[in-house]
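Fold and contact review
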Amino acid sequence: MKIKNLLYLLFALPLAFASCDTPNEVEPTPDPVLTLTSENSLQYTPEGGEGVISYTLENAVEGTKLTATTTAAWITDITVGDQITFNVAANEETEAREATIAVAYGDLGFNVTVAQ
């Protein structure tokens, strides 16, 4: 009986070592990809109006948020969601004006020019 148990042990021993040799492979996390899918320059009449910037974000990272900002006071109510929406105020002046909306996600980003 002891020989039979010893034979089982000898057959099982290589299987135990084989399972220890297999490393747990961890899939690398793909980098985020931010892509502007609408025009990078938007033109508005002097009356102003609503604006939309379309984008795609692949491989989002938990805890990182997409932002959209501008220094132009005449571009207001910027909202980030599935699309970026904003309002362009009426231009009461005769001079054309231009500003940039900067969109950022971590180290990624793009600019959209708004002209009126």
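The coordinates are above.
Residues numbered from 1 in each chain as written. Predicted model: local features only at pLDDT ≥ 70, side-chain atom pairs only at ≥ 80, totals over all residues. Heavy atoms only, no water.

1. Thoughts on the overall build of the protein
Secondary structure summary: the protein contains one helix and eight strands in total. Across the protein, helices and strands are ordered from the amino to the carboxyl terminus as α-β-β-β-β-β-β-β-β. Expressed as a percentage of its 116 residues, the buried residues of the protein come to 22%. In the protein, once contacts between residues fewer than 6 apart in sequence are set aside, the share between residues at least 24 apart is 61%. In the structure as shown, the protein presents an accessible area of about 8,700 Å², 54% of it carried by carbon and sulfur atoms. (Helix = DSSP H or I, 4+ residues; strand = E, 2+ residues; numbered from the N terminus. Buried < 20%, exposed > 50% of the residue type's maximum accessible area, 1.4 Å probe, protein only. Contact = heavy atoms within 4.5 Å. Areas by Shrake-Rupley, 256 points an atom, 1.4 Å probe, with all protein chains shown as cover.)

2. A word on the environment of lysine 65
Counting through the fold element by element, lysine 65 comes out in the loop between strand 3 (49–58) and strand 4 (66–69). Distance from lysine 65 to valine 80, taken between C-alpha atoms, is 9.5 Å for residues 15 residues apart in sequence. Setting aside residues no more than four positions away along its own chain, lysine 65 makes contact with Ala104 and Tyr105.

3. A closer look at the pairing of strand 7 (residues 98–105)
The side chains of a regular strand alternate between the sheet's two faces. Taking every second residue as pointing to the same face, the buried face of strand 7 carries Ala99, Ile101, Val103 and Tyr105, while none of Glu98, Thr100, Ala102 and Ala104 on the other face is buried. In terms of strand pairing, strand 4 meets strand 7 through four bridges, oriented antiparallel. In the sheet register, threonine 67 faces strand 7, and the bridge partner there is alanine 104. Judged from the eight bridges that link them, strand 7 and strand 8 (residues 108–115) form a sheet pairing that is antiparallel. The residue of strand 8 that forms the bridge with alanine 99 is valine 114. Taken together, strand 7 and the strand that follows it, strand 8, pair antiparallel across an intervening segment of two residues, in which glycine 106 is found at a positive phi of about 60 degrees. (Pairing = 2+ DSSP bridges.)

4. Looking at the environment of threonine 56
Looking at the secondary structure, you find threonine 56 in strand 3. Residue classification places threonine 56 among the partly exposed residues on the basis of a relative accessible area of 33%. For threonine 56 and aspartate 82, which are 26 residues apart along the polypeptide, the C-alpha to C-alpha distance reads 8.3 Å. Sequence-distant contacts of threonine 56, that is, excluding residues within four places in its chain, are made with Val33, Leu34, Thr35 and Thr37.

5. A short note on the packing of aromatic side chains
Taken as a whole, this structure holds one aromatic pair when the rule is applied. Seen in terms of ring centroids, tyrosine 44 and phenylalanine 86 are 6.3 Å apart; in terms of plane orientation they differ by 70 degrees. Their pairing is edge-to-face. Pair noted here: tyrosine 44 is in the loop between strand 2 (41–43) and strand 3 and phenylalanine 86 is in strand 6 (residues 83–88), with a separation of 42 residues, a long-range link. Each member of the pair, tyrosine 44 as well as phenylalanine 86, carries the same accessibility label: buried. (Phe/Tyr/Trp six-rings, centres within 6.5 Å; stacked < 30°, edge-to-face > 60°.)

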